[in-house]
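A closer look at the structure
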Amino acid sequence: MVESPVKNPKTTTKPKVERPKLHKVILINDDYTPRDFVCMVLKAEFGMGEDRAYKVMITAHQRGVCVVAVYQRDVAETKAKRASEYGQKYGYPLMFTTEPEE
Ligand code: TYC
């Protein structure tokens, strides 16, 4: 018989299937980006309709921030970056960030 090189080999393995955390994309208010432009970016990058885009924009405008959507980390980061770059391209300080969900 061939001896196992491991003293007490484990015979069972506990399946570790933790779901990766979703990440929020957050819209941050500023004093310069036109409201229509914010709505246009929300529609283009996050597939929102007019009403939803307006609600998200006006919530950020009034409260300072608004959660736009939640995605897997890489998707959230890519969308936040692209949406922020859209603003930069037109000279606006429009800013999207991400943070993990609790
Ligand atoms: N506060 C901007 C304005 O009055 C509009 C705006 C809303 C800008 C939301 C950014 O995330 C934002 N023109």
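See the structure above.
Quick summary incoming for the structure in this document. (Residues numbered from 1 in each chain as written. Predicted model: local features only at pLDDT ≥ 70, side-chain atom pairs only at ≥ 80, totals over all residues. Heavy atoms only, no water.)

**Here we look at the sheet that holds strand E1 (residues 22-28)**
Here is the rule we go by: Here, strands pair whenever DSSP counts at least two bridges between them. In this text, helices come from DSSP runs of H or I with a minimum length of four residues, and strands from runs of E with a minimum of two, each type numbered from the N-terminal end. Here the axes come from fitting lines to C-alpha atoms, over the contacting stretch only for helices, and the angles between their N-to-C directions go from 0 to 180 degrees.
An order of E2-E1-E3 is seen for the three strands of this open sheet, with the pairing classed as antiparallel. The sheet is open, and its two borders are formed by strand E2 (65-72) and strand E3 (95-100), each paired with just one other strand. Recorded for the sheet is a direction-independent mean angle of 30° between the axes of neighbouring strands. Alignment of E1 against E3, held across six bridges, turns out to be antiparallel. Within E3, the residue paired with Lys24 across the bridge is Glu99.

**Thoughts on the site of the ligand**
Going by this rule: Here a residue is near a molecule or strand as soon as one of its heavy atoms is found within 4 Å of it. We define a polar contact as two N or O atoms separated by no more than 3.5 Å, with the added condition that, inside protein, one atom must be a possible hydrogen donor and the other a possible acceptor, whereas residues neighbouring each other in sequence contribute only through side-chain atom pairs. All accessible-area figures derive from a Shrake-Rupley calculation using a 1.4 Å probe, and residue coverage is judged against the displayed protein chains alone. In the scheme used here, Gly and all other residues not listed as nonpolar or charged are polar, with Ala, Val, Leu, Ile, Met, Phe, Trp, Tyr, Cys and Pro taken as nonpolar and Asp, Glu, Lys and Arg as charged.
With respect to spatial proximity, the complete set of residues near the ligand consists of Leu27, Ile28, Asn29, Asp30, Thr33, Arg35, Val38, Met57, Ala60 and His61. Contacts to the ligand include His61, whose side-chain N or O atom sits 2.9 Å from a nitrogen atom. Within the complex, 89% of the 340 Å² of free accessible area of the ligand lies under protein. For the shell around the ligand, the secondary-structure elements that each account for two or more residues are E1, helix H1 (35-46) and helix H2 (50-63). Ranked by the residues each element gives to the shell around the ligand, the list is headed by H2, at three residues. Residue composition of the shell around the ligand, by class: five nonpolar, three polar and two charged.

**Re helix H3 (residues 73-89)**
The line we're drawing: To estimate the expected span of a helix, count its residues, drop one, and scale the result by 1.5 Å. Burial classification: accessible surface area is computed with a 1.4 Å probe over protein chains only, and a residue below 20% of its type maximum counts as buried, one above 50% as exposed, and the rest as partly exposed. The directions considered for the arc are those from the helix axis to the C-beta atoms. Contacts between residues were defined by any pair of non-hydrogen atoms, one from each residue, lying within 4.5 Å.
Given a rise of 1.5 Å per residue, 17 residues ought to cover 24 Å, and the 24 Å separating the end C-alpha atoms of H3 matches this to within 8%. Three or more residues of H3 are buried, namely Ala76, Lys79, Ala80, Ala83, Ser84 and Gly87. Seen from one end, H3 has its buried residues packed into an arc of 125°, which puts them on one side. Facing away from the buried side of H3 by over 90 degrees, the exposed positions are Lys81, Gln88 and Lys89. Against the buried residues of H3 lie E1, H1, E2 and E3. Within two residues after H3, Gly91 carries a phi angle of roughly 80°, on the positive side.

That's the geometry; what it means functionally is another story.
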